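Examination of the molecular architecture
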Amino acid sequence: MKKTLAFSIYCLIFSPAAFAATLPWWEQPTVCKLDPTDCYASMGAGYDSELWDQSTGCWGMKMICPEALTNGEYVPVAMGREDISKGTNINKDFDTNVLNGDCFGVRKTKENGTMASVNGEYVRVWCNGILNNPDEFLENGEITYSAQPTCTELAENGYVAAENGKCYGKYYDLAKYYIECNGSSVTPSRIIILNGADYMSGSGNVPSDASAASKIFDAMESVSKSQRAIYFTNE
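Quick look at the structure, then.

Calculation notes
- Residues numbered from 1 in each chain as written.
- Predicted model: local features only at pLDDT ≥ 70, side-chain atom pairs only at ≥ 80, totals over all residues.
- Heavy atoms only, no water.
- Disulfide = S-S within 2.5 Å.
- Helix = DSSP H or I, 4+ residues; strand = E, 2+ residues; numbered from the N terminus.
- Pairing = 2+ DSSP bridges.
- 1 Å grid on protein atoms, 1.4 Å probe; cavity = no way out; pocket = protein on both sides within 12 Å on 5 of 7 lines; lining within 4 Å.
- Points joined across faces, edges and corners; volume = space filled by probe spheres on them.
- Nonpolar A, V, L, I, M, F, W, Y, C, P; charged D, E, K, R; others polar.
- Core = buried A, V, L, I, M, F, W, Y, C linked by side-chain atoms within 4.5 Å.
- Buried < 20%, exposed > 50% of the residue type's maximum accessible area, 1.4 Å probe, protein only.
- Contact = heavy atoms within 4.5 Å.
- Salt bridge = Lys/Arg side-chain N within 4 Å of Asp/Glu carboxyl O.
- Phe/Tyr/Trp six-rings, centres within 6.5 Å; stacked < 30°, edge-to-face > 60°.
- Lys NZ or Arg CZ within 6 Å of the ring centre and 35° of its normal.

Evaluated as defined, the whole model comprises 4 disulfides. The side chain of Cys65 participates in a disulfide bridge whose partner is Cys103; the two sulfur atoms lie 2.0 Å from each other. With the S-S dihedral at roughly 100 degrees, the linkage between Cys65 and Cys103 falls on the right-handed side. You can see Cys65 sitting in the loop between β2 (58-64) and β3 (77-79) and its partner Cys103 sitting in strand β5 (residues 103-107), a full 38 residues away along the chain.

Every other side chain in a regular strand lies on the same face of the sheet, so the side chains alternate between the two faces. Summarising the sheet, strand β1 (residues 47-53) and β2 pair through 4 bridges and their orientation is antiparallel. In the sheet register, Asp48 faces β2, and the bridge partner there is Met61. Counting the residues between successive antiparallel strands, the hairpin from β1 to β2 contains 4 residues, one of them, Gly57, with a positive phi of roughly 65 degrees.

Here the second largest pocket defines a volume of roughly 360 Å³. Around the second largest pocket sit 16 residues that line it, and Val106, Arg107, Thr109, Leu138 and Glu139 are the ones nearest its centre. Of all elements in the fold, only β4 (94-100) and β5 reach the threshold of two or more residues within the lining of the second largest pocket. Sorting elements by how many residues they give to the lining of the second largest pocket places β5 first, with 3 residues. Of the residues in the lining of the second largest pocket, the class split is 5 nonpolar, 6 polar and 5 charged.

Core analysis: the largest hydrophobic core is formed by 11 residues, namely Cys39, Tyr40, Cys58, Ile64, Ala68, Leu69, Met79, Ile84, Ile90, Phe94 and Phe104. Ignoring any residue separated from it by four or fewer positions in sequence, one finds Ile90 in contact with Ala68, Leu69, Thr70, Met79, Ile84 and Thr96. Core analysis: the next-biggest nonpolar cluster, separate from the first, contains 10 residues, Trp126, Cys127, Leu131 and Ala161 among them.

Side chains bearing opposite charge may pair, as long as their charged atoms lie close to each other. For the structure shown, the criterion picks out 5 salt bridges. In this structure, Lys86 engages Glu82 in a salt bridge whose closest nitrogen and oxygen atoms are separated by 3.1 Å. With a gap of 4 residues between them, Lys86 and Glu82 both fall in helix α3 (residues 81-86), about one helical turn apart. The exposure class assigned to Lys86 is exposed, which follows from its relative accessible area of 60%. Glu136 is paired through a salt bridge with Arg107; the nearest N and O atoms lie 2.7 Å apart. Here Glu136, found in strand β9 (residues 136-137), pairs with Arg107, found in strand β5; they are 29 residues apart in sequence, far enough to count as distant. Bridged by salt links that share partners, the residues Asp93, Arg107 and Glu136 form one connected network.

According to the stated counting rule, one finds 6 aromatic pairs in the structure shown. Taken together, a centroid distance of 4.9 Å and an interplanar angle of 55 degrees make the contact between Tyr40 and Tyr47 tilted. Ring plane angle 70 degrees and centroid distance 5.2 Å describe the contact between Trp52 and Trp59, whose orientation is recorded as edge-to-face. Three or more aromatic residues link up through ring pairs in this structure, and these residues are Tyr40, Tyr47 and Phe104. When the ring centre of Tyr40 is taken as reference, the NZ or CZ atom of Arg81 above it lies at 5.9 Å. Looking at Arg124, its charged tip hangs above the ring of Tyr168, at a distance of 5.0 Å from the centre.

Structure follows, in structure tokens:
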């Protein structure tokens, strides 16, 4: 009789129901709790691991940079995976998979960073100091959101739309080179070496305008080609 009573007390003390009764209600196994699963494998800079992503039912949300958003935010915004995948309020010119300091979102680039996405199209990234009023500064240079500079506008300051490292804008000394622009193309039709001639000095054969100068250069180029064909036959 004593053994039976002792066994009954032992079962009462150590049974799961009796054990659960000693726990606070919020730790009871029958209480519904949020899934402890993390949304991302690792969450360091650019994440808030304390936020619950209701769209996918997991912990952790990405902090999206304000410049990558279209709703006029000024500080990083926590976004769930579903909204990010749908592109909700995200600027199509930005890549939200790339960390930018303490948030995600950098302007999309290509061709080694020499071209950047603006309004869904890729434009040249100009070397620093070339644009009169740049709209944004990137790692490799600056961009404008409006009309791109023309060949003539660049040539006025001795620049051409040629790659100069990881940006566009190669400089030519106007005392040594003549940059010829043609039509609406941003790139020059040709660049002519002046061979040290002082184009400011007086001469009886000075062309009256750019058209006359181009005719002289055309004649010089024609003679040069014919002479080259005579004396450099092995090329």
